[in-house]
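Next come the chains, spelled out residue by residue.
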Amino acid sequence: LTMQTHSFELFPDRGLIHIFLFSEVKNSSELRKRLLSHDTELSYAFINARINEALRRFGISDDSTNIIVVKVGGEANE
């Protein structure tokens, strides 16, 4: 797990942006189903971290193993 926190100068009222890189993820299928069902506990952006795939389509697939998670505002540990 790698995490970085940044401020977003264009939208200072939105708070900090927390970016996490999770490697060797094993439950992408479950996460994808929860995202598609609009699970409110997952109020994050999930992005496939394989760069060539991310350029073609943002989001995770059932077999994603490296996932970038972006949270805007709030605390990183939420």
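Residues numbered from 1 in each chain as written. Predicted model: local features only at pLDDT ≥ 70, side-chain atom pairs only at ≥ 80, totals over all residues. Heavy atoms only, no water.

Looking up the protein chain in an unreviewed UniProt entry gives the name EKC/KEOPS complex subunit CGI121, with the organism given as Dentiscutata erythropus. According to UniProt, the comment filed for the protein chain under the heading Subcellular location (unreviewed entry) is "Nucleus". Recorded in UniProt under Sequence similarities (unreviewed entry), the annotation for the protein chain is "Belongs to the CGI121/TPRKB family." (UniProt positions renumbered as here; feature names shortened; annotations may be inferred.)

To continue, consider unusual backbone geometry. Here Glu 24, not a glycine, exhibits a phi torsion of approximately 55°, which is positive. Considering the arrangement of structural elements, one finds Glu 24 in the loop between β2 (16-22) and α1 (28-36). The exposure class of Glu 24 is exposed, given its relative accessible area of 62%. Unlike most non-glycine residues, His 38 shows phi in positive territory, near 60°. Note on His 38: relative accessible area 68%, which makes it exposed. (Helix = DSSP H or I, 4+ residues; strand = E, 2+ residues; numbered from the N terminus. Buried < 20%, exposed > 50% of the residue type's maximum accessible area, 1.4 Å probe, protein only.)

With that settled, the discussion passes to the pattern of salt bridges. All chains considered together, the criterion is met by 3 salt bridges. Asp 39 serves as the salt-bridge partner of Arg 34, at 2.7 Å between the closest nitrogen and oxygen. Salt-bridge contacts for Glu 41 lead to Arg 34; the nearest nitrogen and oxygen are separated by 3.6 Å. A residue is classified by how much of its surface remains accessible, and Glu 41, at 59% relative accessible area, is exposed. When salt bridges that share partners are traced, they join Arg 34, Asp 39 and Glu 41 into one network. (Salt bridge = Lys/Arg side-chain N within 4 Å of Asp/Glu carboxyl O.)

Further remarks concern the pairing of strand β4 (residues 67-72). Looking at chain direction, β2 and β4 are connected through 6 bridges and run antiparallel. Looking across to β4, one finds that Leu 21 is bridged to Ile 68. With 4 bridges connecting them, strand β3 (residues 45-48) and β4 associate as antiparallel partners. Within the sheet, the bridge partner assigned to Ala 45 lies in β4 and is Val 70. (Pairing = 2+ DSSP bridges.)

The next subject is the environment of Leu 16. Mapped onto the elements of the fold, Leu 16 is located in strand β2. Classification of Leu 16 by relative accessible area gives partly exposed; the value is 39%. Taking the C-alpha atoms as reference points, Leu 16 and Gly 74, 58 residues apart in sequence, are found 7.0 Å from one another. Those residues in contact with Leu 16 that lie beyond four places of it in its chain are Thr 5, His 6, Ser 7, Lys 71, Val 72 and Gly 73. (Contact = heavy atoms within 4.5 Å.)

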